[in-house]
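Residues per chain, in single letters:
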Amino acid sequence: MALKIGTVEPTEIKVVKDGVTTDLTVLKCGNTAVWGKPFTLTVSQGTGVASVTVNRTSSPNQHASTSALSSGATIYYGDVLSVSATASTDYTIDPYTSSYTVTGNIAVNISATQQPSYELAYAPVISGDYSYDEQGGSYWL
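Here we summarise the structure given alongside this text.

The rules we used
- The written sequence of each chain sets the order in which its residues are numbered from 1.
- Totals for whole chains, interfaces and linings use all residues, but because this is a predicted model, local features are given only for residues with pLDDT of at least 70 and pairs of side-chain atoms are given and counted only at 80 or more.
- Side-chain numbers come from the whole structure's heavy atoms, not from hydrogens or water.
- What counts as a helix is a DSSP run of H or I of at least four residues, what counts as a strand is a run of E of at least two, and both are numbered from the N terminus.
- Between buried and exposed lies partly exposed: a residue is buried under 20% and exposed over 50% of the maximum accessible area for its type, with that area taken using a 1.4 Å probe on protein chains only.
- Any two residues whose heavy atoms approach within 4.5 Å at even a single point are treated as in contact.
- Definition of nonpolar core: a set of buried residues of the types Ala, Val, Leu, Ile, Met, Phe, Trp, Tyr and Cys, connected through side-chain atoms within 4.5 Å.
- What makes two strands pair is DSSP finding at least two bridges between them.
- We call two N or O atoms a polar contact when they sit within 3.5 Å, provided that within protein one can donate a hydrogen and the other can accept it, with sequence-adjacent residues counted only if both atoms are side-chain atoms.

### Structural notes on the overall build of the protein chain
So, step 1. When helices and strands are tallied, the protein chain shows zero helices and 14 strands.
So, step 2. The order of α-helices and β-strands along the protein chain, N terminus first, is β-β-β-β-β-β-β-β-β-β-β-β-β-β.
So, step 3. Across the 141 residues that make up the protein chain, the buried fraction comes to 22%.
So, step 4. For the protein chain, long-range pairs separated by at least 24 residues make up 46% of all intrachain contacts whose partners lie at least 6 apart in sequence.

### Digging into the nonpolar core
So, step 1. Leu41, Val52, Val54, Ile75, Leu81, Ile106 and Val108 are the most contacted members of the largest nonpolar core, which has 18 residues in total.
So, step 2. Going through the elements one at a time, β4 (38–45), β5 (49–58), β8 (80–87) and β11 (106–110) are the ones with two or more residues in this core.
So, step 3. Once residues lying within four places of it in the same chain are set aside, the contact partners of valine 52 are Val43, Gln45, Val83, Ser84, Ala85, Val108 and Ile110.

### Some points on the pairing of β8
So, step 1. The sheet contact formed by β5 and β8 spans eight bridges and is antiparallel. Its bridge partner lying in β8, serine 58 is registered against valine 80.
So, step 2. As paired strands, β8 and strand β10 (residues 99–101) are joined by three bridges and run antiparallel to one another. Within β10, the residue paired with valine 80 across the bridge is threonine 101.

### Quick look at the pairing of β4
So, step 1. By the bridge criterion, three bridges tie β4 to strand β7 (residues 74–76) in an arrangement that is antiparallel. Bridge pairing in β7 places threonine 40 opposite threonine 74.
So, step 2. For β4 and β11, the ladder comprises five bridges, and the chain directions are parallel. Paired with glutamine 45 across the two strands is isoleucine 110, which belongs to β11.

### A few points about unusual backbone geometry
So, step 1. Even without a glycine there, the phi angle at aspartate 18 is positive, about 55°.
So, step 2. Tracing the chain through its elements places aspartate 18 in the loop between β1 (12–17) and β2 (20–29).
So, step 3. The class of aspartate 18 is exposed, set by a relative accessible area of 74%.

### Remarks on the environment of arginine 56
So, step 1. Relative to the helices and strands, arginine 56 resides in strand β5.
So, step 2. Its relative accessible area of 6% is what places arginine 56 among the buried residues.
So, step 3. It is 5.5 Å that separates the C-alpha atoms of arginine 56 and serine 67, two residues lying 11 residues apart in sequence.
So, step 4. When residues no more than four places from it in sequence are discounted, the contact partners of arginine 56 are Ala64, Ser65, Thr66, Ser67, Leu69, Thr74, Ile75, Tyr76, Asp79, Val80 and Leu81.
So, step 5. A polar contact is formed between the side chain of arginine 56 and the side chain of aspartate 79, at a distance of 2.7 Å.

And the structure:
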């Protein structure tokens, strides 16, 4: 049985109990509509992280799209999120959680470590018979 006000089926309501307001939204549990609390996604990327992508791959909320989400997006209990990240040049992405099943607010924090730089020193190797020209500062064969 759906909640209707006149002919309108609301998709969000506010419940006030003991002075505390809770926002609820309609979620679908199987074929039954239920009320659930929405949560917030926070995404942060550290230095050396070129991009972070968070996708909602499934949701019990029939109103939630399965697509890319950004920081501050509303997520719902039971949502499944997939995370991927790419590093900037000369950085390596640190290990991170790539899949979440939402049970509350989710914070995705991606960091990277700068790869060590290697400087190669090249020195000429001269073999065979050669002479050194002291005035010109050069070798010749």
